[in-house]
Each structure stands twice: as structure tokens, then as C-alpha cells.
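Summary of structural features
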Amino acid sequence: GSTSKAGFCVSVTAERDGLSLICVIMGAESRDIRNAQATKLLDWGFANYAAYRAPGESAGGIRVLGGVKNTCSVGFQGFDAVVSKGDIGKIERKIILEESIAAPVKVGDEVGKVQYCIGEEVLGEVPLTACEEIDKIGFFGLWQRLLAKILLI
């Protein structure tokens, strides 16, 4: 729209190759200039930036201390970021996981994190979480485990 004080203004959104951009032009001298500026700005954004999407997945397991099971499977959700097109191939994923956790463990307990980096710059991170519930081992469970080890030796 336009007013005599504000000039010609527009807010536009566009999507290309999974990347959504928003452009706002304010105070343009004419409708044609406003539209040309919006088009130019969106074209520049699509030419220089890209959407990075990493799916969530399983990340192995973590040792559980004092649990009815010795290990717990872990995983993480997906991650999205907008980065320069030249940096898309430079993104590295770093899994930072505790050595062990103590029982009881609940589904969704945070046990580490997954960082997405370009060099030393951290783009973002997602929590690494437990994918299963593991109860604390009781006296009889410990006794049974100890007896099984003695008999197998």
C-alpha cells in the first residue's frame, strides 16, 4: 500500500528450494520502484543463502550406572539453519555425550548435545536425549547379576 507520508510500502514472502524469505520495503517513491526493490532483495537473498536441514537420528548408546540395563540408546531431533551458500558444505556435526548417567533414566532425559559448527563457530545445537526408560536396579537385581558373573567365570 501507500500513503503520502509513508510512501509506497510492501511486505513480501517467497520460498525457493526450501528457503523462505521475508522482505519489507518502506518509503519507496513509486509502486514500480517498490516492486523492483523487493524483487532485487529477494533474488539477492536466494542467490546468497540456503536452508540447511539435518534430520534427527539415533546416536548410539550411553553407559548407565546402577540400572537394570547397562546401556541406554540416545538420539536427537533435527536441526535447521539458514547459512551462506558457500558454507553449506563446511557444516560439521559434533556429538557431545556424557561418559555415563545414573539410573533411573526417563525417556527425554538430556544426556548431551549435538552441535552444528562451521569451523569454531557454533551455528546451533540440539539436545541429545535418552530414547528409553531404565529403572534403578534393586538388591535382588544386583544379586542376580553378581551370581551370573560368578557362574560364567
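The structure we're discussing is the one just above.
What this report covers is the structure whose coordinates are included nearby. (Residues numbered from 1 in each chain as written. Predicted model: local features only at pLDDT ≥ 70, side-chain atom pairs only at ≥ 80, totals over all residues. Heavy atoms only, no water.)

1. Concerning the nonpolar core
- Membership of the largest hydrophobic core comes to 22 residues, with the highest contact counts inside it found for Y52, V64, C72, F79, V105 and Y116.
- Contributing elements (two or more residues each) for this core: strand 4 (49–54), strand 5 (57–65), strand 6 (71–76), strand 7 (79–84), strand 10 (110–118) and strand 11 (121–130).
- If one sorts the elements of this core by residue count, strand 10 sits on top with four residues.
- Not counting residues up to four positions away in its chain, the partners in contact with Y116 are Y52, A54, F76, F79, I91, E92, R93, E121, V122, L123, G124 and V126.
- If you look at the next biggest cluster of nonpolar residues, it comprises eight residues, including L21, I25, L42 and F46. (Core = buried A, V, L, I, M, F, W, Y, C linked by side-chain atoms within 4.5 Å. Buried < 20%, exposed > 50% of the residue type's maximum accessible area, 1.4 Å probe, protein only. Helix = DSSP H or I, 4+ residues; strand = E, 2+ residues; numbered from the N terminus. Contact = heavy atoms within 4.5 Å.)

2. Some points on the environment of R16
- With respect to the helices and strands, R16 occurs in strand 2 (residues 7–16).
- Apart from the residues within four sequence positions on either side, R16 is in contact with D43 and F46.

3. Some thoughts on the packing of aromatic side chains
- Per the stated rule, a full pass over the model turns up four aromatic pairs.
- Summarising the aromatic geometry, the rings of F79 and Y116 are spaced 4.4 Å apart at their centres and angled 0° between planes, so their arrangement reads as stacked. Residue F79 is located in strand 7, and its partner Y116 is located in strand 10; the two are separated by 37 residues in the primary sequence.
- For Y116, a relative accessible area of 1% puts it in the buried group.
- Through a chain of ring-to-ring contacts, three or more aromatic side chains come together here, namely Y52, F79 and Y116. (Phe/Tyr/Trp six-rings, centres within 6.5 Å; stacked < 30°, edge-to-face > 60°.)

4. Regarding the sheet that holds strand 3 (residues 19–28)
- Taken in spatial order, the three strands make up an open sheet running 1-2-3, and their pairing is antiparallel. Of all the strands in the sheet, just strand 1 (2–3) and strand 3 have a single pairing partner and so form its edges.
- The pairing of strand 2 with strand 3 spans eight bridges and is antiparallel. Considered in strand 3, the bridge of A14 is made with L21.
- Packed on one face of the sheet, helix 1 (residues 31–48) meets strand 2 and strand 3 and runs near 150° to strand 3. (Pairing = 2+ DSSP bridges. Axes fitted to C-alpha atoms, helices over the stretch in contact; angles between N-to-C directions.)

Geometric descriptors of this kind do not, in isolation, establish any biological role.
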